[in-house]
Amino acid sequence: ESYFRRDDPRLAWRSQKGTGGPVLINLVHDIDLLRFITGHEVSTVFASLSSSARQDDVEDTGAVTVVLDHGAVGTFFFSDAAPSPWSYEFTTQENAKYPPLPGSDPKDCYHFFGAQRSLAFPSLRRFGYRQGAGEAGWDTPLTGEEDCVRKQDPIAAQMEHFLRVCRREERPLCSGHDAM
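What you are looking at is a predicted structure, and each value in this text was computed from that prediction instead of being measured. (Residues numbered from 1 in each chain as written. Predicted model: local features only at pLDDT ≥ 70, side-chain atom pairs only at ≥ 80, totals over all residues. Heavy atoms only, no water.)

**Quick notes on the sheet that holds strand β6 (residues 126-129)**
Inference 1: Strand order in this open sheet of 4 strands is β4-β5-β6-β7, and the pairing throughout is antiparallel. The outermost strands of the open sheet, each flanked by one partner alone, are β4 (110-113) and β7 (142-145). Strand-to-strand twist in this sheet, taken as the mean axis angle between neighbours without regard to direction, amounts to 15°.
Inference 2: In terms of strand pairing, β4 meets strand β5 (residues 117-121) through 4 bridges, oriented antiparallel. Looking across to β5, one finds that Phe112 is bridged to Leu119. (Pairing = 2+ DSSP bridges. Helix = DSSP H or I, 4+ residues; strand = E, 2+ residues; numbered from the N terminus. Axes fitted to C-alpha atoms, helices over the stretch in contact; angles between N-to-C directions.)

**Points about the sheet that holds strand β3 (residues 73-79)**
Inference 1: Overall, antiparallel pairing links the 3 strands, which are arranged β1-β2-β3 in an open sheet. Two strands close off the open sheet at either side, each with one partner strand: β1 (42-50) and β3. Taken over all neighbouring pairs, the strand axes of this sheet differ in orientation by 15° on average, direction set aside.
Inference 2: Bridge count for strand β2 (residues 61-68) against β3 is 7 bridges, and the pairing is antiparallel. Bridge pairing links Thr61 to Ser79 in β3.
Inference 3: Sitting on the sheet, helix α1 (residues 22-38) is in contact with β1, β2 and β3, with an inclination near 155° to β3. (Contact = heavy atoms within 4.5 Å.)

Listed below in structure tokens is the structure:
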């Protein structure tokens, strides 16, 4: 794979400990997003990593389970050595660099499960128990809701927001502490 070429010094960092691998390149952003969405911090981490696909100094596949400070549990599984339509880049289709996915059904990279509802992202499909359906449980029918998600260029939207913040027209969506 040209992305991981070892003979090109400009790309060597991608497969070196401390600078490369999907934990440092991708997973850090997923965990940051989980912290931002929930407003909670990670208190415990369990992980299993493997580099068996490429035999590099860094992982290419893994699973990480985090426990948040209020007791919620989240699991991330990842591989940059397997074909998958479930990456953030593919599912959000924000960057024209990534080709469109086959099929017309929405693909999601995150799934949030709650006691009352579940949410898929980026489609924002929601599932829950039908109102008045009786006791919630495995035999209770689910309802599904789906809204149309307006697509826009995230870099342009971020820059427009940044300019409005600089002109003191609105408050930042994330604090300097959140950005660290």
